[in-house]
Amino acid sequence: SDKNSPKTCYQVMKNYVEYKKAHVSESTLAGIEMAVSKIKAHIGGITAKALTISDLETAQLKLINEELKASTINTYFARVSPAFTRELRNKGMIENPFIGLSKLSTKHETSDVDPFDQSEFIRIVEKADNENDRNMITFLFWTGVRPGELAALAWEDIDLKKRIVKIIRNKSGSTYKLPKTESSVREIELLDPAYQALLNQKSITFMQKPREVKVRLAFKDVRKDVCRFVFHRMPGGNNMGGSKPAPFTTPTIFNNDKWADILRRAGVRLRRPYQARHSYASWLLSNGAEPLYVAKQMGHKDWGMIRQVYGKWIELEPLSYRDKLNEKMSGSGAYTERTKGITG
């Protein structure tokens, strides 16, 4: 199009997607493209220069009428807003109306956190079809790893003597890349069930030939990791089958039918495998684990996220926690003298 003819909002978003291709991972790009496809129906034809906050408010309403969740709409708008900031810098607009737009309220939305309890976990493991899947489910529940991190986990990342697992890569689409955020690169201390699951898994995948995989870093940089993958997709329906066990090709460690089938047979209400991560956090917190420790294990930057998401599991037994503190601190001289003085 003519350099001077005014760009439509759709063109601005499309150019932005092109620009981002060199900078972000496949999955991030897919997220931006999804947002563009939803929003373009409502503002695509308007010229960028003429776009107003009230156009965006109208778009918000129409998307609500399409039965999208408020939080989803907010996410879509946040993903395309930088396209217009970029157009602003290119002198194609006077201001970016996305910046002044109020977010939709998400107060009424239910939280996605819906953990399994330990008795449900036991029933699920009992219904797994084979040893690999049993170990995999156990590891998922007792480490809080994300499914994509589990799919990318190699024996090279594990120190069985120290009982530590390093999370240094993630499966995203068909590629390997860095974990989701900087703080997601982490060391997880293994609790006994997770440690046992790895010992059981050794006989299945430990002796395989190492393969070199490319891990995508920022921009076009690539790191080469030598990997023997810990968990495999098994023939017969687990993660799209195949005729023999093989490393995962996608982050889907259980396809939906397979997972639903296991839960049905276990008599457990259906929830996504990702809830295993939430289960791990809620189990630890309700057993008195420090929120900061849980945050580190799960790869959150600080415990703000833990407080927000899992708050109701933290304060389960404030009294017993006080007793624990008294017990721990009674060894320090000042503490004991002081109490003697008061009671004596």
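No experiment lies behind these values; they were computed from the predicted model shown.

**Focus on unusual backbone geometry**
Stage number 1. Phi is positive for Glu67, close to 70°, though the residue is something other than glycine.
Stage number 2. Counting through the fold element by element, Glu67 comes out in the loop between helix 3 (53-65) and helix 4 (70-89).
Stage number 3. Here Glu67 falls in the exposed class, since its relative accessible area comes to 73%.
Stage number 4. One non-glycine residue, Arg163, lies in the positive phi region at around 60°.
Stage number 5. Note on Arg163: relative accessible area 31%, which makes it partly exposed.

**Some thoughts on helix 4**
Residues three or four positions apart in an α-helix share a direction because the helix packs 3.6 residues into each turn.
Stage number 1. Given a rise of 1.5 Å per residue, 20 residues ought to cover 28 Å, and the 29 Å separating the end C-alpha atoms of helix 4 matches this to within 8%.
Stage number 2. The largest bend in helix 4 is about 25°, located at Val80, with the proline Pro82 one to four residues further on.
Stage number 3. Listed in full, the buried residues belonging to helix 4 are Ala70, Ile73, Asn74, Tyr76, Phe77, Val80, Ser81, Ala83, Phe84 and Glu87.
Stage number 4. Close packing links the buried residues of helix 4 with helix 1 (9-20), helix 2 (26-43), helix 3 and helix 5 (97-100).
Stage number 5. Looking one or two places after helix 4, you find Lys91, whose phi comes out positive at around 65°.

**A few points about the confidence of the model for the chain**
Stage number 1. For the chain, the mean per-residue pLDDT works out to 87, and 90% of the residues sit at or above 70.
Stage number 2. Mean pLDDT values over the elements of the chain span from 52, in helix 15 (residues 333-343), up to 98, in strand 1 (residues 158-159).

**Observations concerning the environment of Thr175**
Stage number 1. Within the fold, Thr175 resides in strand 4 (residues 175-177).
Stage number 2. Apart from the residues within four sequence positions on either side, Thr175 is in contact with Glu26 and Asn170.

**Concerning the layout of surface pockets**
Stage number 1. Estimated volume of the largest pocket: approximately 1,200 Å³.
Stage number 2. If you go around the largest pocket, you meet 34 residues; those closest to its centre are Thr75, Arg79, Asp112, Lys180 and Met305.
Stage number 3. Elements that contribute at least two residues to the lining of the largest pocket include exactly helix 1, helix 2, helix 4, helix 11 (275-286) and helix 13 (304-314).
Stage number 4. Considering every element that reaches the lining of the largest pocket, the biggest residue donor is helix 4, with six residues.
Stage number 5. Broken down by class, the residue content of the lining of the largest pocket amounts to nine nonpolar, 14 polar and eleven charged.
Stage number 6. The volume enclosed by the second largest pocket comes to roughly 480 Å³.
Stage number 7. Lining the second largest pocket are 19 residues, and of these Pro147, Gly148, Pro251, Arg272 and Tyr274 sit closest to its centre.
Stage number 8. Listed by contribution, the elements that provide at least two residues to the lining of the second largest pocket are helix 8 (147-151) and strand 3 (170-172).
Stage number 9. Here the residues of the lining of the second largest pocket are counted per class, giving six nonpolar, seven polar and six charged.

Cut-offs and rules
Residues numbered from 1 in each chain as written. Predicted model: local features only at pLDDT ≥ 70, side-chain atom pairs only at ≥ 80, totals over all residues. Heavy atoms only, no water. Helix = DSSP H or I, 4+ residues; strand = E, 2+ residues; numbered from the N terminus. Buried < 20%, exposed > 50% of the residue type's maximum accessible area, 1.4 Å probe, protein only. Expected span 1.5 Å × (residues − 1). Bend = angle between axes of the 7 residues up to and from the residue. Contact = heavy atoms within 4.5 Å. pLDDT = per-residue confidence, 0-100. 1 Å grid on protein atoms, 1.4 Å probe; cavity = no way out; pocket = protein on both sides within 12 Å on 5 of 7 lines; lining within 4 Å. Points joined across faces, edges and corners; volume = space filled by probe spheres on them. Nonpolar A, V, L, I, M, F, W, Y, C, P; charged D, E, K, R; others polar.

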